[in-house]
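# Observations on the model geometry
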Amino acid sequence: MIKDAPSIKHVWRIDNFSKLRSECCDSQVFNSGDQKWKIQLYPTGRRHGTGTHLAMYLALADSTTLTPGSKIYAEFTVRLLDQVQARHIAGKANFWFSASNPESGWARYVSFAYFNNPGNGCLVKDVCSVEAEVTVHGVSNAL
């Protein structure tokens, strides 16, 4: 375990949101706890949220660099930033990331109806902003 582990924040500004055509969009890679991370956004949803909800995940940027059997324990918060009234939508979790489980998040993060409502500030002038806050608390290596 890592004592007094620092918390790292990364903000991802997504311009021209309505023009996104990929099933999954990745943020730029950022570092926290000697690991490389990325935010994954599914603009048309994922799994049981497809077609109704925006999906959002935190993922290891390259899980193939982990040695077999090693795991990273992280506490993280993913926020959809309200650009008008600062009433952000946040999902918080703790997860053991590994090569076989490189991501954690929400298939039904926020409904399209809420997201697209101009009064909620999630999408302003076709711009959406997402923030990830990541604290790596521990690393476990295979024996």
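Attention here is on the structure that accompanies the text. Throughout this description, residue numbers start from 1 for each chain and increase along the sequence as written. Since the coordinates come from a predicted model, pLDDT governs what is reported: local features require at least 70, and pairs of side-chain atoms require 80 or more to be given and counted, while whole-chain, interface and lining totals use all residues. Side-chain numbers here rest on the full set of heavy atoms in the structure, without hydrogens or water.

## Brief notes about the packing of aromatic side chains
This is how it is decided: Each Phe, Tyr or Trp ring, with Trp reduced to its six-membered ring, pairs with another whose centre is within 6.5 Å; inter-plane angles below 30 degrees give stacked pairs, above 60 give edge-to-face pairs, and intermediate values give tilted ones. Numbering of helices and strands starts at the N terminus; helices are DSSP runs of H or I of at least 4 residues and strands are runs of E of at least 2. Exposure classes here rest on a 1.4 Å probe applied to the protein chains alone. A residue is buried below 20% of its type maximum, exposed above 50%, and partly exposed in between. Two limits define a charge over a ring: the Lys NZ or Arg CZ must be within 6 Å of the ring centre, and within 35 degrees of the ring normal.
Within this structure, the stated rule accounts for eight aromatic pairs. A ring pair is formed by Phe17 and Phe115, whose centres lie 5.0 Å apart and whose planes are at 50°; its orientation type is tilted. Of this pair, Phe17 sits in the loop between β1 (7–14) and β2 (25–26) while Phe115 sits in helix α1 (residues 112–116), and the two are 98 residues apart along the sequence. Take Phe115: its relative accessible area is 2%, and that puts it in the buried class. When the ring of Tyr42 is compared with that of Tyr57, the centres are 5.7 Å apart and the planes differ by 75°; the resulting orientation is edge-to-face. In this pair, Tyr42 sits in strand β4 (residues 35–42) while Tyr57 sits in strand β5 (residues 53–60), placing the two residues 15 residues apart along the sequence. The class for Tyr42 is buried, based on a relative accessible area of 6%. Judged by relative accessible area, which is 3%, Tyr57 ranks as buried. Ring pairing ties together the aromatic residues Trp37, Phe76, Phe95, Phe97, Trp106 and Tyr109, which thus form one cluster. Just above the ring of Tyr57 sits the side chain of Arg46; from NZ or CZ to the centre is 4.7 Å.

## Thoughts on the pairing of strand β9 (residues 128–140)
Keep this limit in mind: For two strands to be treated as a pair, DSSP must find no fewer than two bridges joining them.
Of all the 13 residues making up β9, 10 are buried; the element is thus mostly covered by neighbouring parts of the structure. Both β1 and β9 contribute to a ladder of eight bridges, which runs antiparallel. Bridge assignment links Arg13 to a residue of β9, and that residue is Ser129. As paired elements, strand β6 (residues 71–80) and β9 share 10 bridges and run antiparallel to each other. Residue pairing for β9: Glu75 is matched across the bridge by Thr135.

So far we have only geometry, and geometry alone does not tell us how the molecule works.
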